[in-house]
Amino acid sequence: MTRRPPLRQAAAGTIIAILAVLVLAADQLAKYLALENLPFQEPVEVLGDFLSFYLTRNPGAAFSLGEEVTWIFTIALAAVAGVIGWLAATRVRSRLWAVTLGLLLGGVLGNLTDRLFRDPGFAVGHVVDFINTPWMWFFPGMSPAIYNIADIFIVCDMIAIALLVLVGVHMDGSRDRGRDDDETQPSAEGDPSAPVGVVAGSASEFPVADADAGIPADERGLPPLTASEQLAVEEAAQRQADDFPAEPETRRPGCDAEI
């Protein structure tokens with residue numbers, strides 16, 4: 001399978017920027033609609049216990065952790081956004097990485113916007129959460145997780161990054177050797193080292209030898225000779241050689257003259 005060439009640096013950066021803006025816009029629009037239409041901290045059932053809306057403001061991280069140090073999460077989000085921006089400008093040339101980092105950046109910017117510009121003040125704002133799926137949490141005594149669109153993208157893209165690392169896809173568009181689609185395929189007997197067809201990437205420069213080369217057409221596919229059959233063939237060949245003695249060696253005139 002022919003792999004597409006890596007992206008140019010500018011193209012990767014463009015993909016990341018566009019996706020980040022789209023996710024940021026979707027997150028902020030969803031939060032605006034929630035603030036305008038949902039009662040504060042009152043459950044609104046959507047699909048029974050499967051999905052409900054519960055509008056709240058979170059000064060901390062997931063499960064309301066770190067409520068006393070909101071500014072730390074602001075710095076952390078800004079640092080993550082900065083790292084993604086640096087990678088987009090200097091490293092990323094893979095389409096998969098560009099899409100993943102673009103969606104992740106959009107989620108980070110969605111929550112960072114809340115931290116910077118929402119009440120109670122700059123850099124200590126509370127994140128707007130409103131999505132509640134109680135069935136996802138089974139730990140007694142733990143507060144249910146209430147999240148937003150940005151959180152969904154952050155979690156999903158962190159999983160996607162882990163998968164890209166596991167399968168060996170690098171940011172520059174290369175892959176770990178041995179995992180490429182155009183590597184030598186296993187033979188019918190299961191030997192991965194046995195070549196099949198022409199060596200990948202070499203066209204006809206290194207064709208695989210024909211296993212039937214030199215064998216008469218009517219003898220191809222026959223089982224190999226046994227030891228006794230091989231001996232009989234050799235004796236017949238020797239008898240044929242004895243019936244046809246070599247021609248006497250001819251010498252050019254004057255070769256036997258003494259010098």
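See the structure shown above.
What counts and what doesn't
Residues numbered from 1 in each chain as written. Predicted model: local features only at pLDDT ≥ 70, side-chain atom pairs only at ≥ 80, totals over all residues. Heavy atoms only, no water. Helix = DSSP H or I, 4+ residues; strand = E, 2+ residues; numbered from the N terminus. Buried < 20%, exposed > 50% of the residue type's maximum accessible area, 1.4 Å probe, protein only. Contact = heavy atoms within 4.5 Å. Areas by Shrake-Rupley, 256 points an atom, 1.4 Å probe, with all protein chains shown as cover. Axes fitted to C-alpha atoms, helices over the stretch in contact; angles between N-to-C directions. Parallel < 35°, antiparallel > 145°, perpendicular 65-115°, else oblique. Left-handed = near helix turned anticlockwise from the far one by under 90°. Nonpolar A, V, L, I, M, F, W, Y, C, P; charged D, E, K, R; others polar. Salt bridge = Lys/Arg side-chain N within 4 Å of Asp/Glu carboxyl O. Core = buried A, V, L, I, M, F, W, Y, C linked by side-chain atoms within 4.5 Å. Polar contact = N/O pair within 3.5 Å; in protein donor to acceptor, adjacent residues only side chain to side chain.

Draft legend 1. Here's a closer look at the overall build of the protein chain. Counting secondary structure elements, the protein chain contains 5 helices and 4 strands. Helices and strands appear in the protein chain in the N-to-C order α-β-β-α-α-β-β-α-α. Residues classed as buried in the protein chain amount to 26% of the 259 residues present. Within the protein chain, counting contacts between residues at least 6 apart in sequence, those at least 24 apart form 61% of the total. A total of about 17800 Å² of accessible surface is found on the protein chain, and carbon and sulfur atoms cover 63% of it.

Draft legend 2. Focus on the packing of helix α1 (residues 9–37) against helix α3 (residues 95–117). One can describe the packing of α1 onto α3 by two numbers: an axis separation of 7 Å at closest approach and a directional angle of 40°. Considered as vectors, α1 and α3 are oriented oblique to each other. α1 and α3 meet at a crossing whose hand is right-handed. Of the residues belonging to the contact of α1 with α3, the class tally is 13 nonpolar, 7 polar and 3 charged.

Draft legend 3. Representation of the pattern of salt bridges. Tallying each qualifying case throughout the model produces 3 salt bridges. The closest approach of N and O atoms between D114 and K31, which form a salt bridge, is 2.7 Å. Here D114, found in helix α3, pairs with K31, found in helix α1; they are 83 residues apart in sequence, far enough to count as distant. Note on accessibility: D114 and K31 belong to one class, buried. Put simply, R118 and D114 hold a salt bridge, and the shortest N to O gap is 2.8 Å. Relative accessible area serves as the criterion here: at 19%, R118 is assigned to the buried category. Given the relative accessible area of 0%, D114 is considered buried.

Draft legend 4. Fine view of the environment of F117. Tracing the sequence through the fold places F117 in helix α3. Separated by 10 residues in sequence, F117 and V127 have C-alpha atoms that sit 9.9 Å apart.

Draft legend 5. Examining the packing of α3 against helix α4 (residues 149–167) more closely. Relative orientation of the contacting elements α3 and α4 amounts to 150°, with a least axis distance of 8 Å. As the angle between them shows, α3 and α4 are arranged roughly antiparallel. As α3 packs across α4, the resulting crossing turns out to be left-handed. Here α3 contributes L96, W97, T100, L101, L103, L104, G107, V108, G110 and N111 to the contact with α4, which in turn contributes A150, D151, F153, I154, D157, M158, A160, I161, L164 and V165.

Draft legend 6. Structural context of the nonpolar core. Counting residues in hydrophobic clusters, the biggest one holds 21 residues, and the most contacted among them are I16, V92, W97, L101 and L104. Of all the elements in the fold, those that place two or more residues in this core are α1, α2 (70–90), α3 and α4. Once residues within four sequence positions are removed from consideration, I16 is found in contact with I84, A88, V92, A98, L101, G102 and L105. Ranked by size, the runner-up nonpolar core spans 9 residues in total, among them A30, A34, L38 and L55.

Draft legend 7. Geometry of the environment of A11. When you line up the elements, A11 lands in helix α1. Spatially, the C-alpha atoms of A11 and S94 are 9.9 Å apart, while their sequence positions differ by 83 residues.

Draft legend 8. Spotlight on the environment of E229. Position of E229 relative to the elements: it lies in helix α5 (residues 227–243). Of note is the side chain of E229, whose polar atom sits 3.0 Å from the backbone nitrogen of T226.

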